[in-house]
Amino acid sequence: ENDIAVSLSRAANIEKWVQAFAIFIHDKYSPEKQRELFLRQNAFLKEQMEKNGLTVFPNEDSHSRSVLKTIENASFIGGDFELIERLSAEGFKLATLTWNAENCYAGGADSPEGLTALGKEAVKKFSECSVTIDVSHLSDMSFWDVVKQTDKASGGVRILASHSNARAVCGH
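In short, a report on the structure. Owing to the predicted nature of the structure, the values given are computational and were not obtained by experimental measurement.

This part covers the overall build of the protein chain. Helix and strand content of the protein chain: 5 helices and 6 strands. Along the protein chain, helices (α) and strands (β) appear in the sequence α-β-α-β-β-α-β-α-β-α-β when read from the amino end. Taken over C-alpha atoms, the radius of gyration comes to 17 Å for the protein chain, in line with the 16 Å a tight globule of 172 residues would show. Dimensions along the principal axes, computed over C-alpha positions, put the protein chain at roughly 45 × 35 × 35 Å. Taking all 172 residues of the protein chain together, 39% fall into the buried category. In the form shown here, the protein chain has an accessible surface area of approximately 9800 Å², with 54% of it arising from carbon and sulfur atoms. Within the protein chain, the 24 negative side-chain charges are centred at a point lying 2 Å from the centre of the 19 positive side-chain charges.

Put into C-alpha cells, the structure is as follows:
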C-alpha cells in the first residue's frame, strides 16, 4: 500500500465503483498456450471476484463494486466463435483483436496488415454478442477496416480506443 495505490481494501469504503480488468495474452505464445493462459487468468479473476464480493458490470445493483471484464489480444479464440458467445455471457464486454504483432485476426501496431477474413468474421461476431472492439494496438489498416464495419444503419460495430497514443507524441 502507498498513498496513491487503489486497492480492494481502500475501495471497500467506496459505495459504488467499476474497474476494468484486462486479461492480457502476449503475442509470443502459440494459440494453444494463449488459450491455456487466458483460461487460467479468467479462473483466477472469477475466484478473486467471488472472494471480494465483486459483480460483473453492467449489473442491476446500483450500490455495487463491479468488474468490467476485458480481453487484450483475442487471437486465442481463433475461429471458435461459440467461445465469443460464452465469454460475452460471462461478462466480457471489451476486446482488442491483437496486441502488437500480426495474428489470425489483424495486423497489430507492429504490422502494416489489415483485418483478415477471419478477423472480419470475428468483429461481426463480437458485435452480435455486444462486445465492443477496442481498436488499441491495431495497425492503421486494421483500424480503418474495423471502422468500415461500423455502419450504424445495420446495428454496426461499437469501437473504443481504451489506451492509444497521439501519433505526433508516440508512433505506437
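Once you've had a look at it, read on.
This part takes up the packing of aromatic side chains. A full pass over the atoms with the stated rule returns 4 aromatic pairs. Pairing Phe 38 with Phe 92 gives two aromatic rings, centres 5.5 Å apart and planes at 50°, and the pair type is tilted. Here Phe 38 is found in helix H2 (residues 31-51), whereas its partner Phe 92 is found in strand E4 (residues 92-96), with 54 residues between them in sequence. As far as the burial class goes, Phe 38 and Phe 92 line up, both buried. Geometrically, the ring pair formed by Phe 143 and Trp 144 is edge-to-face, given 4.8 Å between the ring centres and 80° between the ring planes. Taken together, the aromatic side chains of Phe 38, Phe 76 and Phe 92 make up a single cluster linked through ring pairs.

Quick look at the packing of helix H3 (residues 81-90) against helix H4 (residues 117-128) now. Viewed as axis vectors pointing N to C, H3 and H4 meet at an angle of 30°, and their least axial separation amounts to 10 Å. As judged from the angle between their axes, H3 and H4 are roughly parallel. Helix-helix and strand crossings are classified by hand; for H3 and H4 the assignment is right-handed. Facing Phe 81, Ile 84 and Glu 85 of H3, the residues of H4 in contact are Leu 118, Glu 121, Ala 122, Lys 125 and Phe 126. The class makeup of the residues in the contact of H3 with H4 is 5 nonpolar, no polar and 3 charged.

Bringing the pattern of salt bridges into the picture now. Scanning the model with the defined rule gives 8 salt bridges in all. The partner of Glu 36 in a salt bridge is Arg 40, with the nearest N and O atoms 3.5 Å apart. Here the residue Glu 36 and the residue Arg 40 both occupy positions in helix H2, the gap between them amounting to 4 residues, near one helical turn. The exposure class of Glu 36 is partly exposed, given its relative accessible area of 40%. Judged by relative accessible area, which is 52%, Arg 40 ranks as exposed. Notably, a salt bridge pairs Lys 69 with Glu 90, separated by 3.5 Å at the nearest N-O pair.

Across the junction of Phe 57 and Pro 58, the peptide omega takes the value 0°, indicating a cis bond. Mapped onto the secondary structure, Pro 58 falls in the loop between strand E2 (55-56) and strand E3 (65-72). One non-glycine residue with positive phi stands out, namely Asn 73, at about 90°. Among the residues examined, Asn 73 registers a relative accessible area of 0% and is labelled buried. Look at His 137: it is not a glycine, yet its phi comes out positive at around 80°. Mapped onto the secondary structure, His 137 falls in the loop between strand E5 (132-134) and helix H5 (140-148). Residue His 137 is classed as buried on the basis of its relative accessible area of 12%.

Cut-offs applied
Residues numbered from 1 in each chain as written. Predicted model: local features only at pLDDT ≥ 70, side-chain atom pairs only at ≥ 80, totals over all residues. Heavy atoms only, no water. Helix = DSSP H or I, 4+ residues; strand = E, 2+ residues; numbered from the N terminus. Rg over C-alpha atoms; globule rule 2.2 N^0.38 Å. Buried < 20%, exposed > 50% of the residue type's maximum accessible area, 1.4 Å probe, protein only. Areas by Shrake-Rupley, 256 points an atom, 1.4 Å probe, with all protein chains shown as cover. Lys, Arg positive; Asp, Glu negative; His and termini not counted. Charge placed at Lys NZ, Arg CZ, Asp CG, Glu CD. Phe/Tyr/Trp six-rings, centres within 6.5 Å; stacked < 30°, edge-to-face > 60°. Axes fitted to C-alpha atoms, helices over the stretch in contact; angles between N-to-C directions. Parallel < 35°, antiparallel > 145°, perpendicular 65-115°, else oblique. Left-handed = near helix turned anticlockwise from the far one by under 90°. Contact = heavy atoms within 4.5 Å. Nonpolar A, V, L, I, M, F, W, Y, C, P; charged D, E, K, R; others polar. Salt bridge = Lys/Arg side-chain N within 4 Å of Asp/Glu carboxyl O.

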